[in-house]
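Residue-level structural notes
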Amino acid sequence: MQQEQLTALDREIVWHPYSAIGADLPIYAVESAQGVRLRLCDGRELIDGMSSWWCAIHGYNHPQMNTALQRQMASMSHVMFGGLTHQPAVELAEKLVAITPEPLHSVFFADSGSVSVEVAMKMAIQYWHAKGKREKQRFLALRHGYHGDTFGAMSVCDPITGMHSLFSETLAQQFFVESPACRFGKPCTAEDIAPLADSLEQNHEKIAALILEPIVQGAGGMRFYSADYLRQARALCDKYGVLLILDEIATGFGRTGKLFACEHAGISPDILCLGKSLTGGYMTLAATLTTREVSRTISQGDPGLFMHGPTFMANPLACSAALASLQLLFESPWQENIARLQQGLEQGLAPCRNFKHVAEVRVLGAIGVVEMKEPVNMKEIQSRFVEAGVWVRPFGKLVYLMPPFIMEQEDLATLTRAVVEVVRSTSPS
Ligand SMILES: *Cc1c(COP(=O)(O)O)cnc(C)c1O
């Protein structure tokens, strides 16, 4: 199929994330991807600033990843997980328990980040049910949070950007508090924590768990908040008998400079969601981890089972990809890579601070954000980035970068230069 045929047919019959069929927006056909570069069907090469939405931390088409998958495929690609088990799943579970904070101990494999959030929410409800607290069925979440697109996950996403009004009759009603005002690196005052403390005090008898993205609120606004807020949130959950679910689907596996973002605060959750870069961007896989206390209580209570079980649970190919990705991560000087990327992003994006239409530039680990005062004109800005030889996908007011960890300084400089130039010359929409 010719490239024009491909994109024309795509436009006519294929949905893309958060898109309209037949939309008048550019769409680019990718032929292959290698290292930090995407190769388009028209021969152009783009330096990847997105890691395919946080995932491709080792870059694309990595020989060690490819070998691991080929080896696994030669023995088995999939078997059902009901009543059967296999080495990739057990080895990966053992590894995840070892590298995540104590006392996380039990692992549930899910097929996507959203499903791992559904699983976390069901675990929290079943835990309290088993303890005879059947009125604890609701959740407390932060404004500007993002936890996925399925109904349970959606119910704890920001009510405005998550368009809760559209689904109002179907969507569970949860409790929300303002997004933390205290920035990363700053203390969290009594005033900063008050909304969370007040809501817990008033509603804790109905709340099964507080769910939040530690340190970085991702798709809901790319905000970096105080580790002290997270520490106080943990203490409040303990005080009021509410479980803490941390959604590290975006932040997990090094992106913020720590292996897990909750390490910035030195706390651990009762339930942890992992996904995205878990398989280095090769396959879809997610995991929900919980403590021995939660898994035992659920398993020994009524109905004595955890009520979830996806068809493709613990897919062996996906588990092998995750094992290979973790091996690559730990063999690499990943902390140095993140520190190097952080410095490159800070230096490279700094000129954007001088532009009148830029509200703020912020960097944490390998995440660089240019927040505009007005939403960008997607149609214009997307093609400008491609013309500049980079793949950057802004949303709303945010132009942001989260490059693969392996990106060299020279490519990073090209990437940030393109952002500076495109941001400089783009008119607000
Ligand atoms: C992407 C994301 C999800 C949803 O993961 P999917 O794999 O897209 O279902 C949930 N929470 C956070 C923080 C995410 O970044």
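Remember, predicted model here, so these are calculated numbers, not experimental data.

**Here we look at the pairing of strand S16 (residues 398-401)**
Along S16, one buried face is formed by Leu398 and Tyr400 and the opposite face, lined by Val399 and Leu401, is buried too. Across four bridges, strand S14 (residues 367-372) lies against S16 in antiparallel orientation. Residue pairing for S16: Val369 is matched across the bridge by Tyr400.

**Looking at the domain arrangement of the protein chain**
If you check the domain split of the protein chain, you get domain 1 (3-61 + 333-425) and domain 2 (76-331). The centre of domain 1, based on its C-alpha atoms, is set 27 Å off from the matching centre of domain 2. The partner domain 2 presents 30 residues to the 27 residues of domain 1 that form the contact. When the buried area of domain 1 at its contact with domain 2 is split by residue, Trp54, Trp334 and Leu364 rank highest and sum to 34% of it. Counting across the domain 1 and domain 2 interface gives one salt bridge. One salt bridge in this structure joins Glu360 and Arg183, with 2.8 Å as the shortest N-O distance. For the side of domain 1 that touches domain 2, the elements supplying multiple residues, two or more each, are helix H2 (51-54), helix H11 (334-349), strand S13 (358-364), S14 and S16. At four residues, the largest contribution of residues to the side of domain 1 that touches domain 2 is made by S13. Partitioning the side of domain 1 that touches domain 2 into residue classes produces 20 nonpolar, five polar and two charged.

**A few points about the site of the ligand**
Every residue lining the ligand is accounted for by Ser112, Gly113, Ser114, Tyr146, His147, Gly148, Glu213, Asp247, Ile249, Ala250 and Lys276. At 2.9 Å, a backbone N or O of Gly113 approaches an oxygen atom of the ligand. In the model, a nitrogen atom of the ligand is placed 2.6 Å from a nitrogen or oxygen of the Asp247 side chain. Protein contact buries 82% of the 380 Å² of open area that the ligand shows by itself. Here the residues of the shell around the ligand sort into three nonpolar, five polar and three charged.

The rules behind the values
Residues numbered from 1 in each chain as written. Predicted model: local features only at pLDDT ≥ 70, side-chain atom pairs only at ≥ 80, totals over all residues. Heavy atoms only, no water. Buried < 20%, exposed > 50% of the residue type's maximum accessible area, 1.4 Å probe, protein only. Helix = DSSP H or I, 4+ residues; strand = E, 2+ residues; numbered from the N terminus. Pairing = 2+ DSSP bridges. Domains from an automatic or database assignment. Contact = heavy atoms within 4.5 Å. Buried area = accessible area lost by both parts, 1.4 Å probe. Salt bridge = Lys/Arg side-chain N within 4 Å of Asp/Glu carboxyl O. Nonpolar A, V, L, I, M, F, W, Y, C, P; charged D, E, K, R; others polar. Near = heavy atom within 4 Å. Polar contact = N/O pair within 3.5 Å; in protein donor to acceptor, adjacent residues only side chain to side chain. Areas by Shrake-Rupley, 256 points an atom, 1.4 Å probe, with all protein chains shown as cover.

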